[in-house]
Amino acid sequence: MRHTEFWDRMEHALGEAYARSWATQHVMGSLGGRTVMEALDAGYAPKEVWRAVWEVLGLPPSER
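From a predicted model like this one, the values you see are computed outputs, not experimental measurements.

Colleague: I'd like a description of the nonpolar core, backed by residues and values.
Modeller: Grouped together as the largest cluster of nonpolar side chains are 18 residues, with contacts concentrated most on F6, M10, V36, V49 and V53. Those elements that place two or more of their residues in this core are α1 (3–14), α2 (16–25), α3 (36–41) and α4 (46–57). The element contributing the most residues to this core is α4, with 5 residues. Ignoring sequence-local partners within four residues, the contact set of V53 consists of M10, W22, M28 and V36.

Structure (structure tokens):
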């Protein structure tokens, strides 16, 4: 997964206006206590970060 696809999925799940805000504020234990932005900046693969977001948001299997 590329970063562009990741952000497309984030915007689809949370809305264009809220996705980046949520990504800088919501800390996830599954990402080592990092936010989405911190995890991506630390080198986590977008696919790995998306899996964590998918789980936290409780999105349907079709969006995994």
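Colleague: Pulling in residues and values, what's your account of the side chain of T35?
Modeller: Here T35 lies in the loop between α2 and α3. The class of T35 is buried, set by a relative accessible area of 4%.

Colleague: Give a description of the packing of aromatic side chains that names residues and reports values.
Modeller: Scanning the model with the defined rule gives 2 aromatic pairs in all. Aromatic pair F6 and W7: ring centres 5.1 Å apart, planes at 80°, arrangement edge-to-face. Residue W7 is classed as buried on the basis of its relative accessible area of 9%. Between F6 and W50, the ring centres sit 6.2 Å apart and the planes meet at 85°, which makes this aromatic pair edge-to-face. Of this pair, F6 sits in helix α1 while W50 is found in helix α4, placing the two residues 44 residues apart along the sequence. An aromatic cluster is built from F6, W7 and W50, whose rings are joined through pairwise contacts. Its end group placed over the ring of W54, R64 keeps NZ or CZ at 4.9 Å from the ring centre.

Parameters and conventions
- Residue numbers here run from 1 along each chain, matching the order of that chain's written sequence.
- With the structure being a predicted model, the display of local features is reserved for residues of pLDDT at least 70 and the display and counting of side-chain atom pairs for 80 or more, all residues being used for whole-chain, interface and lining totals.
- Neither water nor hydrogens contribute to the side-chain values; these are computed over all heavy atoms in the structure.
- Put simply, buried Ala, Val, Leu, Ile, Met, Phe, Trp, Tyr and Cys residues joined by side-chain atoms within 4.5 Å make one nonpolar core.
- Summary of the burial criterion: residues with accessible area below 20% of their type's maximum are buried, those above 50% are exposed, and those between are partly exposed, where the area comes from a 1.4 Å probe applied to protein chains only.
- Helix and strand assignments come from DSSP, with helices taken as H or I runs of at least 4 residues and strands as E runs of at least 2, each series counted from the N terminus.
- Contacts between residues were defined by any pair of non-hydrogen atoms, one from each residue, lying within 4.5 Å.
- When two rings of Phe, Tyr or Trp (its six-membered ring) have centres within 6.5 Å they constitute a pair, described as stacked for plane angles under 30 degrees, edge-to-face for angles over 60, and tilted for the intermediate range.
- Only when the NZ of Lys or the CZ of Arg is both within 6 Å of the ring centre and within 35 degrees of the ring normal is a charge said to sit over the ring.

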